[in-house]
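# Examination of the molecular architecture
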Amino acid sequence: MDYYTLGNSGLKVSRLALGTMTFGDDWGWGADDAASRQIFDAYVEAGGNFFDTADLYTEGNSERMLGQYIKDAGIRDRAVIATKFSYNAESGNPNAGGNGRKNIMRAVEGSLERLGTDYIDLYILHTWDRVTPAEEVMRTLDDLVRQGKVRHVGLSDVPAWYAARAQTVAEMRGYESLSALQLEYSLVERNIEDEFVDFGTRHGAGIMVWSPLASGLLSGKYKPSQGEKPEGEGRLAVTAGSGNPAFEKFTERNWKIVSELEAVAGELDRSMAQVAVNWVANRPGVASVLVGATKLSQIEDNLGALDFEIPAELRRRLDQVSVRDPHFPYSFFIPEMQGMLQGGTAVGDKPPHYLPDRTFSAQGAGVTGD
Ligand SMILES: NC(=O)c1ccc[n+]([C@@H]2O[C@H](COP(=O)([O-])OP(=O)(O)OC[C@H]3O[C@@H](n4cnc5c(N)ncnc54)[C@H](OP(=O)(O)O)[C@@H]3O)[C@@H](O)[C@H]2O)c1
C-alpha cells in the first residue's frame, strides 16, 4: 500500500481508505459483526491505515464496531480515523443536527465515546445544512483542533462556493484549514470535475472519493452483456425507490457506462470493480478512494484495484463513454474558447517539470510522497 499526505497536511494516508458505512446490519444492506471484522482485518493486513465512518452510520454502530476492531488490533496510533457530523440524532430537536457550533460540540463527544478514543484524526462536516455560516463551522473545528480532540478537518457534500469560502476564512483567520473534501465520484458521477478538482488541487484539500462503485452498480454484479434489465441484488435492490440520490443509479446513460466498463474489464482480465476503482483513483485531485464492502471476497477484490495500469486507449474509452454534456459556464473554459483569451498561444498552468519529485522509497515501508 502506498501512503500520501492528505491535501496540504502532513497526515499520511493510504490511497485506498476503508469505508465503514456497511459495518452493522441496521439499515438492511450492511455486514454483520463477523463479516465486518473480516473486512477490517483484510484491509489492515493489506497495509491500509485510513478508516472512514460517521456518527450516525448504522445508528452509531459503525463507529462502535470500528473503534472496537482498532482497539482489539492494537493499532490506534497507526490508524487514521475520519468521522463526520451533521445528521440529526434526536427527532424534534433542530440543534441535535446540522452544522452549528452547538451540534458540532455535542456530536464530537458522541463520536469520541463510540470510537473509544480521545482524538479524531480527520473530522468532517457531512452535509451542508444551508444555514450555518462557514465562519462558524471553521472557527468551531479550529477550537476542536486546539483542544486536541481533532487533528485535521474537512468537508463533504457541500457546494464548491461554500468550500472555497470556508478555506479562505480559515486561511485569513489562521484557523485549521481544510485538508480533505469527501465527495461522490465514479464513472457514472463526474460532476465534481466542474469545481472541486480545481479547488482541491489549488487550495490544498485532497479529494476522498465516496461510492467509487456507485453503490454497487459498477461492482460487476450487473453485466449488460447478460441482459438489459438489472436483476435486483445487494444495496441497490434494497434501497430501490428510496428517493436517495446516491441510490438512483439505473439510468440509460449509466447502463451504457456499465456496458463499456464490462468490455474494458474483460479486455484487461480484471474485475469490473477493480477497473472502476482504478479509473477514479487515478483522476486528478484524488487523494484516496473509500472502498466499501459487505463481504470479505469484495474487499479482497477491491484491494487489488491499484496493482495495474489501465492502458491509455482503454482509459480513453472509459473517459469518453462517461463524459458529460458541456454546460455553462464550463462550456466557456474549453480550449476553443480559451484560445480567444490567450491570443492563440498555448498557456498552461505550470510546465510539467515544475513540481519536484519528492517520492522516496522507505525500505519495507512502502512509498510516501506528496
Ligand atoms: N460523505 C458521504 O456523503 C458519503 C456517502 C456515501 C458513502 N460514504 C463513504 O464512502 C464509503 C464507500 O461508499 P460506498 O459503500 O457507497 O462505496 P461503493 O464502492 O460505491 O459501494 C460499495 C458496495 O458495493 C458492493 N461491492 C463492493 N465491492 C464489490 C465487489 N468487489 N463485488 C461486488 N460487489 C461489491 C457492496 O454492496 P452490496 O453487496 O450490497 O451490493 C458494497 O457495500 C462508505 O463506507 C462511507 O464511508 C460517504
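Refer to the structure presented above.
My aim in this report is to walk through the structure given alongside it, one point at a time.

Rules used throughout
Residues numbered from 1 in each chain as written. Predicted model: local features only at pLDDT ≥ 70, side-chain atom pairs only at ≥ 80, totals over all residues. Heavy atoms only, no water. Buried < 20%, exposed > 50% of the residue type's maximum accessible area, 1.4 Å probe, protein only. Helix = DSSP H or I, 4+ residues; strand = E, 2+ residues; numbered from the N terminus. Pairing = 2+ DSSP bridges. Right-handed = clockwise from strand over helix to strand, strands pointing away. Axes fitted to C-alpha atoms, helices over the stretch in contact; angles between N-to-C directions. Contact = heavy atoms within 4.5 Å. Arc of directions from axis to C-beta. Near = heavy atom within 4 Å. Polar contact = N/O pair within 3.5 Å; in protein donor to acceptor, adjacent residues only side chain to side chain. Areas by Shrake-Rupley, 256 points an atom, 1.4 Å probe, with all protein chains shown as cover. Nonpolar A, V, L, I, M, F, W, Y, C, P; charged D, E, K, R; others polar.

Further remarks concern the pairing of strand 6 (residues 120-125). Counting buried residues along strand 6, six of its six residues qualify, which places the element largely inside the surrounding structure. With four bridges joining them, strand 5 (residues 80-85) and strand 6 adopt parallel strand pairing. Each residue of the ladder has a partner; that of lysine 84, found in strand 6, is isoleucine 124. Between the parallel pair strand 5 and strand 6, the chain is carried across by helix 3 (residues 101-115), and the sense of this crossover is right-handed. Looking at chain direction, strand 6 and strand 7 (residues 150-156) are connected through five bridges and run parallel. Residue leucine 125 lies in a different strand from strand 7, and its bridge partner there is leucine 155. Since strand 6 and strand 7 lie parallel, the crossover through helix 4 (residues 134-146) that links them has a hand, and here it is right-handed.

Next up on the list: the sheet that holds strand 8 (residues 178-184). Taken in spatial order, the eight strands line up as 3-4-5-6-7-8-9-10 and close into a barrel, and their pairing is parallel. Averaged over neighbouring strand pairs, the angle between their axes works out to 30° when direction is ignored. As judged from the two bridges shared by strand 3 (residues 16-19) and strand 4 (residues 50-52), these two strands associate in the parallel manner. The residue of strand 4 that forms the bridge with glycine 19 is aspartate 52. Here helix 3 sits on the sheet and contacts strand 5, strand 6 and strand 7; the angle it forms with strand 6, its principal contact strand, is near 140°.

In this section: helix 6 (residues 196-203). Those residues of helix 6 that sit buried are Phe196, Val197, Phe199 and Gly200. Angular distribution of buried residues about the axis of helix 6 spans 165°; they occupy a single face of the element. Contacts from the buried residues of helix 6 go to helix 5 (160-173), strand 8 and strand 9 (206-210).

So, on to the site of the ligand. Near the ligand, the surroundings consist of 30 residues, among which Asp52, Asp157, Ser211, Lys221 and Arg235 are the closest. Side-chain polar atom of lysine 221 to an oxygen atom of the ligand: 2.6 Å apart, as the coordinates give it. Threonine 294 has a polar side-chain atom sitting 2.8 Å from an oxygen atom of the ligand. Bound to the protein, the ligand loses 94% of the 910 Å² it would expose on its own. The element best represented in the shell around the ligand is helix 10 (residues 296-303), accounting for three residues. Here the residues of the shell around the ligand are counted per class, giving nine nonpolar, 15 polar and six charged.

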